[in-house]
Amino acid sequence: MKSPEEHVKRWLHPIVFAIWTGFLIYLLASQQYVAFLRPEFGLLLVLAHFIAMGFMIAAMVRTKTTEIDLHAIFRSLVLLVPVLFFIAMPNTMLGNQAFKKRFIGTNNGAISRQAPSIPPLQRAGNDPDVASPPEEIEGTQQGTPQERTILEIFKNPNFYKGQRVIVTGMILRDEQLKPHFGGRDTAVYRFMINCCAADALPLAIALDADKAEAFENDQWVQVDGIFDLHQINGKPVPMVSKPQIKPIAAPAVPYLF
């Protein structure tokens, strides 16, 4: 009968790599990795899965020649720290706490870049998931605009000035917003990432309304209103006036790219 030390020596490394293999399969099947990575990184996770599987098989078939002590066990278990951290996290999505730490105002470069003008109805018939807007808002000639992302509006804000826009994002009411938004304490925001959640940058549009008090911070909402750029302290501040706000479910991919 094999001793416990022999069992540890035989199965420690295969079990560690088996856990990683299963964890990567779970991330890919559930799509939860998009909470901290761009969707395109799924291909790398597939590759990582096969690498972990290869290490697992190699650890199972090779003959152990090295001694297993507490230091070796500790080094192996360190590999499981990311898995344990993921399990322990109550919520993987960035929210208002990350917003407050990373928000530097709307003068972050994105609002000043002018992309080629895109007619709001150019792709209106091609996306069945675009939500239909509520009743037409007074003061705009645009009847049924296509939903745009906050990033699209930031890239070409002058094109959308005075137009009715529909955007989705998380809502935030906080006194710290007032210096950035001319005394207004409410905004709808989303995070833009280039690679992963570590470089996430919050993009926010102020809401010129008092009807947002019914929503909790980080509630996903759809905002329908008139977009404009207000000059506050010499900086262009994106703002939606006369907004109609309604709650929606969180999107499968919460970030903008």
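As the structure is a computational prediction, the values presented were derived from the model and not from experiment.

Caption draft 1: The arrangement of the side chain of His49 in detail. Checked against the element boundaries, His49 lands in helix H2 (residues 42-61). Setting aside anything within four residues of it in sequence, one finds His49 in contact with Thr21, Leu24 and Ile25.

Caption draft 2: How the structure looks around the environment of Phe103. Locating Phe103 in the fold gives a position in the loop between helix H5 (96-102) and helix H6 (150-155). Residue classification places Phe103 among the buried positions, given a relative accessible area of 12%. It is 7.9 Å that separates the C-alpha atoms of Phe103 and Leu203, two residues lying 100 residues apart in sequence.

Caption draft 3: Quick peek at the pattern of salt bridges. Enumeration over the complete set of coordinates arrives at seven salt bridges. Put simply, Lys100 and Asp174 hold a salt bridge, and the shortest N to O gap is 3.0 Å. With a gap of 74 residues between them, Lys100 in helix H5 and Asp174 in the loop between strand E1 (164-173) and strand E2 (186-192) connect regions that are remote in the sequence. The partner of Glu175 in a salt bridge is Lys178, with the nearest N and O atoms 3.0 Å apart. Accessibility expressed as a relative area gives 31% for Lys178, which makes it partly exposed.

Caption draft 4: How the structure looks around the confidence of the model for the chain. Scored by pLDDT, the chain comes out at a mean of 79, with 77% of its residues at no less than 70. The least confident element of the chain, judged by mean pLDDT, is helix H3 (residues 70-78) at 79; the most confident is E1 at 93. Taken together, the stretch residues 113-142 has pLDDT below 50 and engages in 64 contacts with residues farther than four places along the chain or on a different chain.

Caption draft 5: Molecular detail of a nonpolar patch on the surface. A contiguous nonpolar patch, built from Trp11, Ile15, Ile19, Ile57, Met60 and Val61 and spanning about 530 Å² of accessible area, is present on the exposed surface. Secondary-structure elements contributing two or more residues to the nonpolar patch are helix H1 (4-30) and H2. In this structure, Ile57 sits in helix H2. The exposure class assigned to Ile57 is partly exposed, which follows from its relative accessible area of 44%.

Procedures and definitions
- In every chain, residue numbers begin from 1 and rise along the written sequence.
- With the structure being a predicted model, the display of local features is reserved for residues of pLDDT at least 70 and the display and counting of side-chain atom pairs for 80 or more, all residues being used for whole-chain, interface and lining totals.
- The basis for every side-chain value is the complete set of heavy atoms in the structure, and neither hydrogens nor water enter the calculation.
- Put simply, DSSP marks the helices as runs of H or I at least four residues long and the strands as runs of E at least two long, and each gets a number from the N terminus on.
- Contacts are residue-level and defined by heavy atoms, with any inter-residue pair within 4.5 Å sufficient.
- Partly exposed residues are those whose accessible area sits between 20% and 50% of the maximum for their type, while under 20% is buried and over 50% is exposed, using a 1.4 Å probe and protein chains only.
- When a carboxyl oxygen of Asp or Glu is within 4 Å of a side-chain nitrogen of Lys or Arg, the pair counts as a salt bridge.
- As a per-residue measure, pLDDT tells how confident the predictor is, with possible values from 0 to 100.
- Every patch collects residues that have over 30% relative accessible area and no salt bridge, joining them within 9 Å if they carry like charges and within 5 Å if they are nonpolar side chains (Val, Leu, Ile, Met, Phe, Trp, Tyr).
- What sets the accessible areas is the Shrake-Rupley method with a 1.4 Å probe; for residues, cover comes only from the shown protein chains.

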